[in-house]
Amino acid sequence: MIFTEDAGDQQLSHRLPPERDTYDVHPALADYPVWLGYEEEADNERLLSGDTDDPTLLSDAPYVLPPDAIHANGTSHVAWVEGGPDAEWRVIHARDGQDPGTVVATGDAHYAAAAVAATEETVYVAAEEIADEVQVVVYERPVGGDGWTETFRGEDSSYQPRLATARDRAGLVFSTFTGRGYDVHYRDLAAGTTTVVCDDGVYNQHPDVAFDDAGHVWVAWTRESERMNPNREHYLRDHVRVQTTERFAMVAPWYNHQRAFVRRLDRDVYTRLGSPEERNAHYPRLAVSPGGRPWVFTRYLAAPNRDLDVPKYGVFAHRGPAPDGPASGHSAWDDPRTVDGGYSGRNCPVGVRATPEGIELAWTVDSRPVVGSDLGEADSGEYISDTAYVRTDNAIREGDSDLVRLLGTDGELIGAPATEGESAYAVTPRHVQRRPLSNTTDERRTVETADGELELVYGNLHRHSTISMCGSDFDQEQQFHYRFARDVTGEAFTAVTDHAEDMVPYDWHESVKYAEAYDAPGSFVAFPAYEFTGSRQIYSGYREDDSGFGHAHVIQREPGHERRHIYQSDTPTVQALLDAVDSDVTMPIPHHPADMQFPFDWNDYDETVAPVVELYQDYRGASEFLDDPRHIELPQTEDPRHYLQPILDDGVRVGFTSSGDHYSVSFAGVYVAERTRDAVFEALQERRCYATTGAQMKLEFRADEKLMGSVVPTGGSPIPFEISVEGNGVIEAVEFVANGEVVREWIPDEPSFEVEFELDEPDTGYYYVRVHRDDDHMAWSTPVWLE
């Protein structure tokens, strides 16, 4: 859409673009738009530029990451990342849309972001490099020259580079994990100096930078708010959030947590920007208008989870002070405007470009319809109750995204509708010294087995991003989860498991793309994954009752494998899912099986396809047995058939894991041969794993020298058992469970515990260990089975 001003009433009007059966996303602006395009049946993703009616193809690769584009000194520059499973990951630069060339490529690293800027003499490209560590790296070359030189490399765990230039000045902003949280840094590339922009937030992210005509440096970013759900704040600040019935109470809306900030670098005081109806701000972008005013443009959550909408986002504009006005405070930024409040789609950044005529913006509009309680019929998506809803209309998951453009002067943007949200206000940095967010350990923990040495690693295979309806109002984008897992929670493997029924085809493509980008074999494992979500209404059509249907997060060891979910005709039930997937590639993991809303149906369960089950989830509690004290206040079913001990009693052999769902830190401990997808996947297949509530305890449990998850023949002889626990805290009790009953208990009151004992006449069945720490943390070993 090209927006123009109606001079009579200062309203913005538009004309529709041509219809395109594609997903056009992540726009950037030089003197022409640049964006990613994806077609449902295509093998590759494309980078397009120029006229939206007849675009130019810049790149056609398995995965293309969001581009950055600028126009400087009469020349357009575009930078992006591309790669794939069988393609080298490269950072690419193109000048005036011609002859793209490689800035950097290495077989040992992936890349997850790129930025570009140029002065009259030098072109700069920055990239987020992913290997054993993640680092922001800057490359430069003379304008018109050949060969790129690395001129800056940030600290370990530095992310999200953005560049800006003005005449002979060049600046870089990025975020860095410091152990206490994520800080924003500004790097003067000419002077070689680095300044801390903000270090008083929990998670400062998505920085942007611009120079005004007076030479001042402006930096904008978002950060976690102080005003959030107290459980989540406890988790973010102290790393653990142990759920008990006494401590779990959602007393505040979860969407009050992310705000945009802006600072003129020569001033200590900076500004927290207002937001419409207190909803989240995402991806701030800076531009300076011809009149010299800085502007900050953000995406914001326009349709949160509470309305049962497909996630929809708007565009919000904040006008800064005049060149001769105050540099910060309420009066400088108190005129926020809604540029687009019509539920524009996809939570990707706004493309911004300052021109002599004004500021040009670009974003995308998603054609997927809104889903809510006003549709009238259940089969059209009506919200029925907290325990029964269904969204089966294919139109919900179909659609495309169109590029939107706006060119507006200060007056035109101010003529946009005013928001009813809060006003901006000044913030004085507190520089509070907090303890580190992470209580993880870098200690390498190994065990010896008959098959050689195995390493104990921790991970979380169940997380949601903003793609999922259930977390659209408080979760972060996918990249956040990979960074947070690497830095804060110290995980060796993770998976972002967005709801498949919430995905359009591009969402799944993008999910796989970021898993591929952040996967670093030998260091950090990222699985392509999704969540299979059952529905009572659909399920009852295949059974005589709706007593259970179940949810499962589904991980894949290969990136391009097909996703399957409840709304596909060949997988209407969990049993159909288990029958359909290729167990060599895909692993469904049932979660919260005893949740009253979503009890899992164990009928015809295939343990060879789904060899592990999520026993504990920080968000909902444990599903070990009926009346388990580790349940939390979210309703649990009173039907014992949906718990884990009854299915173990029935002879089903499954391993135990734990995960988080949303902002939670329940870890699974897994014994792996190496840190790769194949090794983690194979360890789960062999049930070499255990569940924790979030504390990284080392738990080793053997029967007849065989590690947990094994099947051990009794042969009528005594069976030796070994238990070893390193608590990473004080161990209060260790329980030995035999066929559902605690038959032995020890009270160590020490940080470590070891014991060896024999059962002279052991019964056949299952045996496992339950560990209690003195701070409510727990761990559960996977059973061994005697036969």
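Higher on the page you've got the structure.
Analysis parameters
- Residues numbered from 1 in each chain as written.
- Predicted model: local features only at pLDDT ≥ 70, side-chain atom pairs only at ≥ 80, totals over all residues.
- Heavy atoms only, no water.
- Pairing = 2+ DSSP bridges.
- Helix = DSSP H or I, 4+ residues; strand = E, 2+ residues; numbered from the N terminus.
- Axes fitted to C-alpha atoms, helices over the stretch in contact; angles between N-to-C directions.
- Contact = heavy atoms within 4.5 Å.
- Buried < 20%, exposed > 50% of the residue type's maximum accessible area, 1.4 Å probe, protein only.
- Expected span 1.5 Å × (residues − 1).
- Polar contact = N/O pair within 3.5 Å; in protein donor to acceptor, adjacent residues only side chain to side chain.
- Salt bridge = Lys/Arg side-chain N within 4 Å of Asp/Glu carboxyl O.
- Patch = residues over 30% accessible without salt bridge, like charges linked within 9 Å, V, L, I, M, F, W, Y side chains within 5 Å.
- Areas by Shrake-Rupley, 256 points an atom, 1.4 Å probe, with all protein chains shown as cover.
- Lys, Arg positive; Asp, Glu negative; His and termini not counted.
- Charge placed at Lys NZ, Arg CZ, Asp CG, Glu CD.
- Phe/Tyr/Trp six-rings, centres within 6.5 Å; stacked < 30°, edge-to-face > 60°.

I keep staring at the sheet that holds strand E39 (residues 551-556) and nothing clicks. Help me out?
As a general point, the strands of a sheet are linked pairwise by backbone hydrogen bonds and lie either parallel or antiparallel. In spatial order, the strands read E38-E39-E40; together these three strands make up an open sheet with antiparallel pairing. Sheet topology places strand E38 (529-533) and strand E40 (586-591) at the edges, where each strand pairs with a single neighbour. Within this sheet the neighbouring strands show an average axis-to-axis angle of 25°, counted without direction. Relative to E39, E38 runs antiparallel, the two sharing five bridges. Its bridge partner lying in E39, Thr 533 is registered against His 551. In the packing of helix H9 (residues 677-685) onto the sheet, the strands contacted are E39 and E40, and the crossing angle to E40 comes to about 55°.

I'm lost on the sheet that holds strand E43 (residues 655-659) in this one. Help?
The strand order E42-E41-E43 describes an open sheet built from three strands, whose pairing is mixed. Sheet topology places strand E42 (621-622) and E43 at the edges, where each strand pairs with a single neighbour. Relative to E43, strand E41 (residues 612-617) runs parallel, the two sharing five bridges. Residue pairing across strands places Tyr 616 opposite Ser 658, the latter belonging to E43.

Can you help me understand the pairing of strand E16 (residues 158-166) in this one?
Remember that side chains alternate between the two faces of the sheet whenever the strand is regular. With eight of nine residues buried, E16 is to be regarded as a mostly interior element. Sheet topology places E16 next to strand E17 (residues 169-177); seven bridges connect them, and they run antiparallel. For Ala 166, the partnering residue across the bridge sits in E17 and is Arg 169. Hairpin geometry of E16 and E17 is characterised by an intervening segment of two residues between the two adjacent antiparallel strands and by a positive phi of about 55° at Arg 167.

Would you mind going over helix H5 (residues 505-518) with me for this structure?
Side chains that are three or four residues apart share a direction in an α-helix, a result of its 3.6 residues per turn. Between its terminal C-alpha atoms H5 stretches 21 Å, which fits the 20 Å expected from 14 residues at 1.5 Å a residue. In terms of burial, H5 is largely enclosed, as 14 of its 14 residues are buried.

I'm lost on the environment of Ser 468 in this one. Help?
Mapped onto the elements of the fold, Ser 468 is located in the loop between strand E35 (452-460) and helix H4 (478-487). For Ser 468, a relative accessible area of 0% translates into the label buried. Residues Ser 468 and Tyr 530, spaced 62 residues apart in sequence, show a C-alpha to C-alpha distance of 9.9 Å. There is a polar contact of 3.1 Å between the side chain of Ser 468 and the side chain of His 464.

Sorry, what's going on with H9 here?
Within the span of H9, buried status applies to Arg 677, Ala 679, Val 680, Phe 681, Ala 683 and Leu 684. Of the residues one or two after H9, Arg 687 is the one with positive phi, at around 65°.

Mind showing me how you'd approach unusual backbone geometry here?
Negative phi characterises most residues that are not glycine, and trans characterises most peptide bonds. Positive phi, close to 45°, is recorded for Asp 99, a residue that is not glycine. Looking at the element boundaries, Asp 99 is found in strand E11 (residues 98-105). By relative accessible area, Asp 99 is classed as exposed at 70%.

Can you help me understand the environment of Asp 366 in this one?
Mapping Asp 366 onto the fold places it in strand E29 (residues 359-366). We classify Asp 366 as buried; its relative accessible area is 7%.

How should the pattern of salt bridges be read in this particular structure?
Side chains that differ in sign of charge can pair as their charged atoms come close. For the structure on display, the rule yields 28 salt bridges. Across the pair Asp 200 and Arg 223 runs a salt bridge, and its minimum N-O distance is 3.6 Å. You can see Asp 200 sitting in the loop between strand E19 (193-198) and strand E20 (204-211) and its partner Arg 223 sitting in strand E21 (residues 217-224), a full 23 residues away along the chain. Here Asp 200 and Arg 223 have matching classes, each one buried. Among the salt bridges present, the one from Arg 770 reaches Glu 735, with a minimum N-O distance of 2.8 Å. Highlighted residues: Arg 770 in strand E52 (residues 765-773) and Glu 735 in strand E49 (residues 719-738), separated in sequence by 35 residues. You can call Glu 735 buried: its relative accessible area is 12%.

Explain a negative patch on the surface here, please?
A cluster of like negative charges, contributed by Glu 732, Asp 749, Glu 750, Asp 774 and Asp 776, occupies part of the molecular surface. Secondary-structure assignment places Asp 776 in the loop between E52 and strand E53 (778-781). The class for Asp 776 is partly exposed, based on a relative accessible area of 37%.

For this particular structure, what's the right way to read the environment of Gln 636?
When you line up the elements, Gln 636 lands in the loop between E42 and helix H8 (644-649). The sequence separation of Gln 636 and Pro 599 amounts to 37 residues, and the corresponding C-alpha distance is 8.5 Å. When sequence neighbours within four positions are dropped, the list of residues in contact with Gln 636 reads Ala 594, Asp 595, Met 596, Arg 620, Ala 622, Ser 623, His 631 and Tyr 643. For Gln 636, the side chain forms a polar contact with the main-chain oxygen of Arg 620, separated by 3.4 Å.

Please explain the packing of aromatic side chains as it appears in this structure.
For any pair of aromatic rings, geometry is given as the distance between the ring centres together with the angle between the planes. According to the stated counting rule, one finds 31 aromatic pairs in the structure shown. Residues Tyr 159 and Tyr 182 carry aromatic rings whose centres are separated by 6.3 Å and whose planes lie at 50° to one another, so their mutual orientation is tilted. Of this pair, Tyr 159 sits in strand E16 while Tyr 182 sits in strand E18 (residues 182-188), and the two are 23 residues apart along the sequence. Looking at Tyr 159, the relative accessible area reads 1%, which means it is buried. With a centroid separation of 6.1 Å and 10° between ring planes, the pair formed by Phe 701 and Phe 721 is classed as stacked. Of this pair, Phe 701 sits in strand E46 (residues 698-703) while Phe 721 sits in strand E49, and the two are 20 residues apart along the sequence.

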